[in-house]
Amino acid sequence: MTPFASNKINIPISETLTPNQKRHLLFNVNQPLELSIEEFDKEWWPLVSNVWTRFSYKNNVNGDSWKVFICRFSKPNKSSTRKEGVSSKKRRITKIRPANMCSAKIKVQRYISEQKVRIERFQDSPDHSHALEESERLKRSQIVRDLVIQEAVKNYRPPEIVSAVKEYATDKLDLGESVKELRRKEVTNIKYKIHGSLDAHLIGNPKQELDIREAISFLEKEEYLVNYYEIPHLSTYGFVFIHPDHIKNLEQHGWLTLIDSTHKTNKYDCRLFTLYIRNYYGCWDVGAHFFVSNENSDTVAEGLKIIRRFARRWNPRYFLSDQSNIESNSIKMAFPGLKNGEQECEVFFCTVHIVRVWMNKIYDKKIRQKMIHAMHKRTRIGCENIVQEALNECSNSTIKKYIMRNYVTSTNSLESYHSELKRTTSPQHGLIGACQKIVALDKKKRADSEHVAYEFRTKKISAIGIDDEILDEIHKFPFPVQQMLINEFCAVEGRIEKGKAAPGLTSLNCNCLFFHRYLLPCRHIFHENMYGTMKLLIPDVWKKFQQMFDESGFEIYIHRELVDLEVPVFKMTEAEKAMENRRLAVSELTERIRDIYWRVEERGDKKKTGAFISELKNRLEPVLNIPI
């Protein structure tokens with residue numbers, strides 16, 4: 001006779017019981033319950049896993065078992081109220097829960113042969129001394145945690161997960177009491193714990209060679225062209241990956257190319273280099289990517305040469321870079337210019353980085369301000385004059401030589417791309433994980449670019465307070481141009497508020513920066529047209545402005561890049577070029593040493609950092625002591 005036959009239960013368990021009713025039946029077990037093992041484990045116990053904790057158990061030889069569970073409020077030991085040797089200021093603030101608040105117990109018996117579970121009150125155990133809601137405040141049940149995990153996988157923000165879980169549990173499961181006390185902090189903790197399992201596919205193979213192969217295989221499936229390469233004498237490697245759409249970007253819009261690298265995207269600390277271009281519709285897009293195991297000019301230059309072989313019609317005129325000698329050297333090696341019968345490729349440094357450097361290099365505030373002023377001048381003559389003034393006022397010969405180099409514009413758009421990428425990558429990811437995130441972001445950028453291209457001709461801007469006749473003419477321009485014209489038109493009101501009169505223009509030639517850059521009606525032309533004596537913007541004039549964009553986008557301004565990118569160009573002799581190359585070589589070595597030092601320093605091992613510095617001193621000491 002089985003245990004179930006001898007202990008017949010008189011309470012039928014209806015399949016129509018709600019989860020809330022099941023919770024109450026397992027809270028105070030007034031009469032024994034019989035359930036199948038599968039039903040108990042999946043539908044009943046997760047509802048009260050927060051109420052009970054194991055007290056004792058026994059496993060029989062035949063596979064049967066029993067466990068006694070006790071209420072979580074029955075904590076037997078009294079909490080400590082102070083920590084020995086810890087000051088009150090540094091002591092962690094914790095909640096103290098009284099001991100032995102509840103002595104309720106239940107016994108759960110499993111019968112493997114019958115696949116049944118019997119739940120009953122243990123001996124003469126009392127009812128709970130508290131309400132079920134108190135247990136919900138103490139700990140979340142497994143069913144609530146499972147609901148949170150299901151939503152956390154969708155990568156929602158914690159407040160949105162809390163709202164979704166509460167709504168579903170209340171309306172669909174009748175578990176409003178279980179989720180009533182659910183807090184955002186708890187959801188954040190649960191999301192953090194499952195983060196590792198969610199990112200398991202991004203970790204990649206523990207063997208680096210296999211990880212690289214998997215990454216290359218993934219990229220090829222995504223229709224990227226991939227080329228792996230090695231630099232034997234430096235024991236470095238890298239691999240280039242470029243999408244066919246990126247090749248078109250480089251060949252059509254790569255006359256001005258941004259280049260920058262970023263780190264901490266993978267566990268091997270391979271540096272990711274990205275080339276960035278701006279298309280005819282004013283939208284930034286990706287040109288190419290490549291990883292390098294070590295950031296030096298030879299390895300980076302080889303990556304650029306491979307990209308040139310993929311994009312055969314890519315002939316960059318300008319590169320925009322941060323203050324990196326490695327990047328400058330590698331560009332010179334990959335694009336030798338007239339030596340190979342090619343056009344010269346010039347490297348400009350980002351204004352953001354150059355100003356940071358000037359803070360240290362040009363320590364005279366007055367001269368530094370002059371250089372910043374010169375850097376933003378729109379004409380060659382104006383720039384050269386201000387630079388010459390700075391040179392005349394500078395008494396330091398070293399600074400004078402340094403001032404001879406000026407650069408304009410910024411790589412901030414590419415840094416924004418890398419910043420967006422690093423929000424999704426991690427130093428714990430493998431190269432396969434980093435490549436997956438790069439491909440996803442590239443797709444987003446391509447979609448954004450296509451959207452901008454579509455809206456370039458079709459979207460119309462809305463504005464208040466503008467004459468319908470003028471607004472109709474503005475609507476005939478591409479959308480980004482409409483935005484610029486509306487801003488200039490609205491600026492007229494600001495001029496009037498400042499008490500400025502009409503500028504008195506007699507023609508469409510204005511000396512302001514906006515007109516000089518874009519050859520479009522500026523605020524001064526609008527002001528004269530509206531309140532001056534001369535009606536400048538007649539239908540024929542509007543038509544001439546609009547014809548600029550009939551069959552083109554912003555490429556009409558490419559032939560004017562010498563105006564916007566002008567810097568004082570100083571012709572160098574062969575001896576000066578050789579000296580400059582030597583200076584860049586020394587600067588690159590210094591940059592590489594500093595990069596390796598910070599890699600060691602960031603690991604937090606003082607012994608390894610000290611050993612590195614000691615080794616560096618020993619190696620450099622003979623060089624530094626060479627008689628000059």
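Since the model is a prediction, treat every value here as computed from it, not as a measurement.

Caption draft 1: The arrangement of unusual backbone geometry in detail. Here the phi dihedral of Gln 115 falls at roughly 55°; this positive angle occurs in a residue that is not glycine. Relative to the helices and strands, Gln 115 resides in the loop between strand 4 (105-111) and strand 5 (116-121). In this structure, Glu 223 is a non-glycine residue whose phi angle is positive, near 70°. Residue Glu 223 is classed as exposed on the basis of its relative accessible area of 56%.

Caption draft 2: Spotlight on the environment of Thr 424. Along the chain, the position of Thr 424 falls in the loop between helix 18 (412-422) and helix 19 (431-458). The partly exposed category is assigned to Thr 424, whose relative accessible area is 38%. Distance in space between the C-alpha atoms of Thr 424 and Leu 441 is 9.5 Å, their sequence separation being 17 residues.

Caption draft 3: Representation of the packing of helix 21 (residues 479-497) against helix 23 (residues 523-531) within the structure. Between helix 21 and helix 23, the least distance of the axes is 8 Å, while the angle of their chain directions is 65°. As for the relative orientation of helix 21 and helix 23, their crossing is right-handed in sense. When helix 21 is examined against helix 23, the residues Leu 485, Glu 488, Phe 489, Ala 491, Val 492, Arg 495 and Ile 496 are found in contact with a partner set consisting of Arg 523, His 524, Phe 526, His 527, Met 530 and Tyr 531.

Caption draft 4: Quick peek at the pattern of salt bridges. Enumeration according to the criterion identifies 25 salt bridges in this entry. Where Asp 269 meets Arg 271, a salt bridge forms, and the shortest distance between an N and an O atom there is 3.9 Å. The structure contains a network of salt bridges with shared partners spanning Glu 134, Arg 137, Glu 181 and Arg 183.

Caption draft 5: A look at the nonpolar core. In this structure, Phe 40, Trp 52, Ile 106 and Ile 119 are the most contacted members of the largest nonpolar core, which totals 37 residues. Looking at this core, the element that brings in the most residues is helix 3 (residues 37-48), giving 6 residues. Ile 106 has contacts with Val 29, Trp 45, Trp 52, Lys 67, Val 68, Phe 69, Ile 119, Glu 120, Arg 121 and Phe 122, leaving out every residue within four places of it along the chain.

Caption draft 6: Representation of the side chain of Ser 261 within the structure. The residue Ser 261 is located in strand 8 (residues 256-262) in this model. Within polar-contact distance, the side chain of Ser 261 engages the side chain of Glu 295 at 3.2 Å. Leaving out residues up to four positions away in the same chain, Ser 261 has contacts with Leu 272, Phe 273, Glu 295, Glu 327 and His 418.

Caption draft 7: Representation of the packing of aromatic side chains within the structure. Enumeration over the complete set of coordinates arrives at 20 aromatic pairs. Pairing Trp 45 with Phe 69 gives two aromatic rings, centres 4.8 Å apart and planes at 50°, and the pair type is tilted. Taken together, the residues Trp 45 in helix 3 and Phe 69 in strand 3 (residues 65-71) connect sequence positions 24 residues apart. Here Trp 45 matches Phe 69 in class, with each residue buried. With a centroid separation of 5.5 Å and an interplanar angle of 55°, the aromatic rings of Tyr 276 and Tyr 417 are classed as tilted. Taken as a pair, Tyr 276 in strand 9 (residues 271-278) and Tyr 417 in helix 18 lie far apart in primary sequence, 141 residues in all. Here Tyr 276 matches Tyr 417 in class, with each residue buried. The rings of Phe 477, Phe 489, Phe 526, Trp 542 and Phe 549 are connected pair by pair, giving a single aromatic cluster. In this structure, Lys 107 is placed above the aromatic ring of Trp 66, and the distance from its NZ or CZ to the ring centre is 4.9 Å. Taking NZ or CZ as reference, Arg 317 lies 4.9 Å from the ring centre of Tyr 318, over its face.

Reading guide: rules and limits
Residues numbered from 1 in each chain as written. Predicted model: local features only at pLDDT ≥ 70, side-chain atom pairs only at ≥ 80, totals over all residues. Heavy atoms only, no water. Helix = DSSP H or I, 4+ residues; strand = E, 2+ residues; numbered from the N terminus. Buried < 20%, exposed > 50% of the residue type's maximum accessible area, 1.4 Å probe, protein only. Axes fitted to C-alpha atoms, helices over the stretch in contact; angles between N-to-C directions. Left-handed = near helix turned anticlockwise from the far one by under 90°. Contact = heavy atoms within 4.5 Å. Salt bridge = Lys/Arg side-chain N within 4 Å of Asp/Glu carboxyl O. Core = buried A, V, L, I, M, F, W, Y, C linked by side-chain atoms within 4.5 Å. Polar contact = N/O pair within 3.5 Å; in protein donor to acceptor, adjacent residues only side chain to side chain. Phe/Tyr/Trp six-rings, centres within 6.5 Å; stacked < 30°, edge-to-face > 60°. Lys NZ or Arg CZ within 6 Å of the ring centre and 35° of its normal.

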